[in-house]
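Single-letter residue listing:
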Amino acid sequence: MSFQPPKGTDDIGAPESHIWRDVLRQWETWADRFGYPLVMTPLFEATELFERGVGDDTEVVTKQMYTFTDKGGRSVTLRPEGTAGVVRAFLNSGVPGAWKGAYSGPMFRYERPQAGRRRQFWQVGVEYLDVEGPAADAEVIELGFRFLSAVEVAGLKVVLNSMGDESCRPGYVATLRAYLSERRTDLCDESESLVDLNPLRVLDCKVCAPVLDDAPAMKDYLCAACADHYAGVKAYLEHLEIPYSEDGRLVRGLDYYTRTAFEYVATDLAAAQNAVGGGGRYDGLAESIGGRRAPGVGFALGVDRIVLSSSLVPDSLLDVYVISETNPPDALFASSLLRRAGLRVDFDTEGRSVKAQFKVASRSVARAVLVVRGRKDPVEARIGEERTELPIGDAAQWLTDRLR
Ligand code: AMP
């Protein structure tokens with residue numbers, strides 16, 4: 001009998017995991033720099049949280065959730081996204097005033113698996129709550145942009161739109177519905193079924209693009225407050241020198257967005273998976289999950305896709321490979337000394353020949369080699385062409401001086 005990972009899930013080991021590790025480390029660095037503390041929420045929540053928070057008629061909720069009844073008869077769902085849980089945690093914490101949180105972890109959606117579209121995938125993201133001004137949106141967009149630039153996402157682009165709010169969006173939706181109704185016969189079946197239900201989603205349809213070229217755009221229907229907000233976000237992005245383009249058809253798949261919507265696109269990836277992440281403002285979300293009014297803005301980035309599009313080359317994982325001409329205990333002892341001095345060290349525990357150990361050392365791409373003879377004899381340290389004999393007690397310092 002041999003078990004495979006469940007459909008749409010992956011085992012990720014070296015060397016690919018080295019890139020994951022570097023990407024996740026960069027994430028921590030950038031989230032810290034922007035003042036977003038780590039927030040960890042459960043991998044499963046009450047199903048209703050997602051129904052209300054993500055939206056009952058969204059694709060994620062209607063088709064993609066991993067929902068089950070637990071032994072206590074409660075309906076729970078593996079989280080398909082991070083925002084609803086984080087906003088719930090924020091509301092439960094009772095913190096007044098502006099609040100920031102950064103998350104990182106697996107999400108679950110029952111999707112048709114392909115490259116960059118998995119059933120278990122990893123997102124990093126932030127939420128910034130109880131903030132209304134456009135500077136908050138700009139700061140959030142900047143964080144994602146700086147992080148994605150640091151992990152060398154190829155062909156990075158920010159795409160921006162405004163989705164209006166409860167005062168101007170209904171009028172726009174009615175105008176869009178009327179426009180689409182007149183062209184029903186030119187729409188694909190799926191889009192046709194959305195005209196009455198949620199015409200904004202039709203804007204997302206790649207197949208219907210020709211019909212949508214002349215469709216009315218939300219940005220021409222914004223109320224004064226939304227137009228001001230949108231202009232503010234754009235001005236700040238220009239000030240921060242973040243390149244962006246506007247796309248009146250950008251509507252995010254989840255129901256909760258108001259005003260700002262944005263995506264980060266890796267133009268070098270195939271179009272179907274080139275959105276490495278996206279986000280926006282969700283001023284009504286906290287209330288829709290039963291909390292107080294707490295406007296907010298955030299994003300989620302897909303790490304699977306970031307790794308696919310990143311040109312990062314991971315650093316060497318090992319500083320020193322210790323080779324023993326005698327027996328494993330001497331290498332074990334020498335390795336321990338070096339490790340306690342902060343070096344990254346490996347050695348052979350199985351007493352293989354010196355020749356075999358040298359082979360492993362060169363495969364491991366360790367930056368230095370230390371050859372140990374007997375416990376009391378001098379050791380030989382090698383870094384590239386440089387070689388020296390010294391007492392074991394001095395080896396850690398010698399290596400550290402040269403490797404750090
Ligand atoms: P969303 O929450 O749908 O806006 O997704 C945000 C980002 O998460 C996307 O741009 C993708 O990078 C990533 N993502 C979403 N769904 C999947 C999936 N099924 N597999 C891999 N990555 C995904």
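Throughout, residues of each chain are indexed from 1 in the direction in which the sequence is written. Only residues with pLDDT of at least 70 get local features here, since the model is predicted, and only at 80 or more are side-chain atom pairs given and counted; chain-wide, interface and lining totals rely on the full set of residues. Hydrogens and water molecules were not included; the side-chain quantities draw on all heavy atoms of the structure.

## Details of the pattern of salt bridges
Close approach of charged atoms lets side chains of opposite charge pair.
Then step 1. When a carboxyl oxygen of Asp or Glu is within 4 Å of a side-chain nitrogen of Lys or Arg, the pair counts as a salt bridge. The tally for this structure, following the rule as stated, stands at 31 salt bridges.
Then step 2. Here glutamate 45 and arginine 88 are joined by a salt bridge, their closest N and O atoms 2.8 Å apart. Taken together, the residues span a long stretch of sequence, with glutamate 45 in strand S1 (residues 44-46) and arginine 88 in helix H4 (residues 83-93) at a distance of 43 residues.
Then step 3. A simple rule labels every residue: compare its accessible area, found with a 1.4 Å probe on the protein chains alone, to the largest value its type can have, and call it buried under 20%, exposed over 50%, or partly exposed in between. Residue glutamate 45 is classed as buried on the basis of its relative accessible area, which comes to 8%.
Then step 4. By relative accessible area, which is 23% here, arginine 88 ends up partly exposed.
Then step 5. Among the salt bridges present, the one from aspartate 348 reaches arginine 352, with a minimum N-O distance of 2.9 Å.
Then step 6. Given a relative accessible area of 9%, aspartate 348 falls into the buried group. Numbering of helices and strands runs from the N terminus; a helix is a DSSP stretch of H or I covering at least four residues, while a strand is a stretch of E covering at least two.

## So, the pairing of strand S2 (residues 66-69)
Then step 1. A pair of strands is treated as paired once DSSP finds two or more bridges between them. In terms of strand pairing, S2 meets strand S3 (residues 75-78) through four bridges, oriented antiparallel. Bridged to threonine 67 within S3 is threonine 77.
Then step 2. Linkage of S2 to S3, two consecutive antiparallel strands, is achieved through a turn of five residues, within which glycine 73 is found at a positive phi near 80°.

## Some words on the packing of aromatic side chains
Then step 1. Any two of the Phe, Tyr and Trp rings considered here, Trp counted by its six-membered ring, make a pair once their centres fall within 6.5 Å; the pair's planes then place it as stacked at under 30 degrees, edge-to-face at over 60, or tilted in between. Enumeration over the complete set of coordinates arrives at ten aromatic pairs.
Then step 2. Taking the centre distance of 6.4 Å and the plane angle of 80° together, the rings of tryptophan 20 and tryptophan 122 count as edge-to-face. Highlighted residues: tryptophan 20 in helix H1 (residues 16-33) and tryptophan 122 in strand S5 (residues 120-129), separated in sequence by 102 residues.
Then step 3. Ring geometry for tryptophan 30 and phenylalanine 34: centres 6.4 Å apart, planes at 45°, overall tilted.

## Some points on the sheet that holds strand S8 (residues 258-266)
The strands that make up a sheet pair up through hydrogen bonds in the backbone, lying either parallel or antiparallel.
Then step 1. Read from one edge of the open sheet, seven strands run S4-S5-S10-S9-S8-S6-S7, paired in mixed fashion. Looking at the sheet topology across the chains shown, the edges are occupied by strand S4 (99-108) and strand S7 (244-246). Mean inter-strand twist for the sheet, computed between neighbouring axes without regard to direction, equals 20°.
Then step 2. In this sheet, strand S9 (residues 275-281) lies alongside S8 in antiparallel orientation, the contact comprising six bridges. Along S9, the bridge assignment pairs phenylalanine 262 with glycine 279.
Then step 3. Contacts are residue-level and defined by heavy atoms, with any inter-residue pair within 4.5 Å sufficient. Interaxial angle, 0 to 180 degrees, is taken between N-to-C directions of lines fitted to C-alpha atoms, where a helix line uses only the stretch in contact. Lying over the sheet, helix H9 (residues 224-239) contacts strand S6 (156-162), S7, S8 and S9, oriented at roughly 160° with respect to S6.

Read these as layout, nothing more, since geometry by itself doesn't imply function.
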